[in-house]
Amino acid sequence: MELEGKVVVITGASSGIGLATARLLLEHGATVVSWSRTRPKISHPDFYFFECDVRHDHSVWAAYEQTEERLRQNISVLINNAGIGIQGALDSMSPKDWLTMMDTNVNGIFYCTRLVLPGMKRMREGHIINISSIAGLMGSENLTGYCASKFAVRGLSEALYKEVRNYGVKVTCIYPGSTDTHFFDNFEGATSTEYMMKPEDIASTILHSLQAPLNYHQVNIEVRPLMPKGPIPAKKA
Ligand SMILES: NC(=O)c1ccc[n+]([C@@H]2O[C@H](COP(=O)([O-])OP(=O)(O)OC[C@H]3O[C@@H](n4cnc5c(N)ncnc54)[C@H](OP(=O)(O)O)[C@@H]3O)[C@@H](O)[C@H]2O)c1
C-alpha cells in the first residue's frame, strides 16, 4: 500500500513499538493517529492523539468518532499494538490481573477492529496488523495469562484474514521476541540487554508488511533477535 496521505491508527503509540512505528510511518508520509491513554511525545503536523483505553468499548468508540470527525477520511490501516503482560503462576494470579490482560490484549483488538473494518471493506483496501508475541506461539511458565491472550490474538488474526481477504483487506499477525521497551518494567528479574531487538526493528517489519504489493499479504511474521544470548565466544587459536 502507498502510505502517503493514508490514515493509520496505532493503539498504544505512547511508548515502545507503537511509538517507533508512529515515527517511522510519519516519515513515510502517513497521517498517524494514536489511540492510547498517554499522549505520545510526538510533534508533527500529521500526527493526532485521541485519548483511549482499549479495555473499554465506549472509550474506543469515542476515539473512533473523534478520529472520523477530525480527519474526515477513512482509516486505511489499524495497528493493534496496545498490550500488557503480567507475570505470575496461574494459581497466584488475581482474576483482576487476568482480566486486565484479556481486556487489553484481546478485547481491545475486537473493539477497535469492528469499527474500522466496514470502511475498509467499502474502500476495498485496508490492512489490520495485530501484535501478538512469541508467547502467542509457545507456552512459557509464569506467563499463562499473557500466553493465553497472545494465542487468542493469533486465532483472531488467522480467522479474520479469511473473513476479509476477498474485500481487499489484509490481516497480518506479528510475533516479536524480546524487544527492548517498557514492557518488562514490572517483570521480576528481567533486564534489557544489547541483544534484544529494538522497537525500531519491529517498526521496520510493520512498514515492510504495509508496503507489500496489493496482490499478496503476509499472514504471520515471527521476528526474533538473532543472538538472544550474544555471540558464541571465538575459540582461542
Ligand atoms: N517488548 C517485547 O519484548 C514484546 C514482545 C512481544 C510482543 N510485544 C507486544 O508488543 C506490544 C507493544 O508493547 P511494547 O513492548 O512496546 O511495550 P510498552 O513500551 O509497555 O508499550 C505498551 C503500549 O501499550 C499501551 N497500552 C497499554 N494498555 C493500554 C490500554 N488499556 N489502552 C490503550 N493503550 C494501552 C501503552 O500506552 P498507554 O499506557 O499510554 O495507554 C503503551 O503505548 C504489546 O502488545 C506487547 O504485548 C512486546
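Further up the page is the structure itself.
This text gives an overview of the structure that appears in the document. (Residues numbered from 1 in each chain as written. Predicted model: local features only at pLDDT ≥ 70, side-chain atom pairs only at ≥ 80, totals over all residues.)

**Details of the overall build of the protein chain**
And then number 1: A tally of regular secondary structure across the protein chain gives five helices and seven strands.
And then number 2: Sequence-ordered secondary structure for the protein chain, helices as α and strands as β, is β-α-β-β-α-β-α-β-α-β-α-β.
And then number 3: Here the protein chain has a C-alpha radius of gyration of 18 Å; the compact-globule value for 237 residues is 18 Å, and the two agree.
And then number 4: For the protein chain, the C-alpha atoms occupy an extent of roughly 60 × 50 × 35 Å along the three principal directions.
And then number 5: The 237 residues of the protein chain split such that 39% are buried.
And then number 6: Across the protein chain, every contact between residues at least 6 apart in sequence was considered, and the portion connecting residues at least 24 apart equals 67%. (Helix = DSSP H or I, 4+ residues; strand = E, 2+ residues; numbered from the N terminus. Rg over C-alpha atoms; globule rule 2.2 N^0.38 Å. Buried ≥ 20, exposed ≤ 12 C-beta atoms within 10 Å, placed from the backbone. Contact = placed C-beta atoms within 7 Å.)

**Digging into the packing of helix H1 (residues 16-27) against helix H5 (residues 199-210)**
And then number 1: Contact pair H1 / H5: the axes reach a minimum separation of 8 Å and the direction vectors enclose 55 degrees. With respect to H5, the axis of H1 lies oblique. Judged by the sense of rotation from one axis to the other, the crossing of H1 with H5 is right-handed. Within the contact between the two elements, H1 uses Gly16, Ile17, Leu19, Ala20, Thr21, Leu24 and Leu25 and H5 uses Pro199, Glu200, Ile202, Ala203, Ser204, Ile206 and Leu207. (Axes fitted to C-alpha atoms, helices over the stretch in contact; angles between N-to-C directions. Parallel < 35°, antiparallel > 145°, perpendicular 65-115°, else oblique. Left-handed = near helix turned anticlockwise from the far one by under 90°.)

**A look at H1**
And then number 1: In a regular helix each residue adds 1.5 Å, so twelve residues correspond to 16 Å; H1 covers 17 Å between its end C-alpha atoms and thus fits that length.
And then number 2: Each element contacted by the buried residues of H1 is listed here: strand S1 (7-11), strand S2 (31-36), strand S3 (47-51), strand S4 (75-80), strand S5 (126-131) and H5.
And then number 3: Within two residues after H1, Gly29 carries a phi angle of roughly 90 degrees, on the positive side. (Expected span 1.5 Å × (residues − 1).)

**Concerning unusual backbone geometry**
And then number 1: The phi dihedral of Arg72 falls on the positive side, at around 50 degrees, and the residue is not glycine.
And then number 2: Among the secondary structure elements, Arg72 is positioned in the loop between helix H2 (57-71) and S4.
And then number 3: A positive phi angle is found at Asn142, which is not glycine, with a value near 65 degrees.
And then number 4: Its location among the elements puts Asn142 in the loop between S5 and helix H4 (144-164).

**Things to note about the nonpolar core**
And then number 1: With 49 residues, the main nonpolar core has Val8, Val9, Val60, Leu78, Cys112 and Val116 as its most contacted residues.
And then number 2: For this core, the element with the highest residue contribution is helix H3 (residues 95-123), accounting for eight residues.
And then number 3: By size, the runner-up hydrophobic cluster in this structure holds five residues, among which are Met101, Ala135, Leu143 and Cys147. (Core = buried A, V, L, I, M, F, W, Y, C linked by C-beta atoms within 7 Å.)

**Side note on the pairing of strand S6 (residues 169-176)**
And then number 1: Of all eight residues making up S6, eight are buried, and the element is well covered by its neighbours.
And then number 2: Along S6, one buried face is formed by Val169, Val171, Cys173 and Tyr175 and the opposite face, lined by Lys170, Thr172, Ile174 and Pro176, is buried too.
And then number 3: Both S5 and S6 contribute to a ladder of six bridges, which runs parallel. Residue pairing across strands places His127 opposite Lys170, the latter belonging to S6.
And then number 4: Once the chain exits S5 it traverses H4 before rejoining the sheet at S6, and the crossover so formed is right-handed.
And then number 5: Between the parallel pair S6 and strand S7 (residues 220-223), the chain is carried across by H5, and the sense of this crossover is left-handed. (Pairing = 2+ DSSP bridges. Right-handed = clockwise from strand over helix to strand, strands pointing away.)

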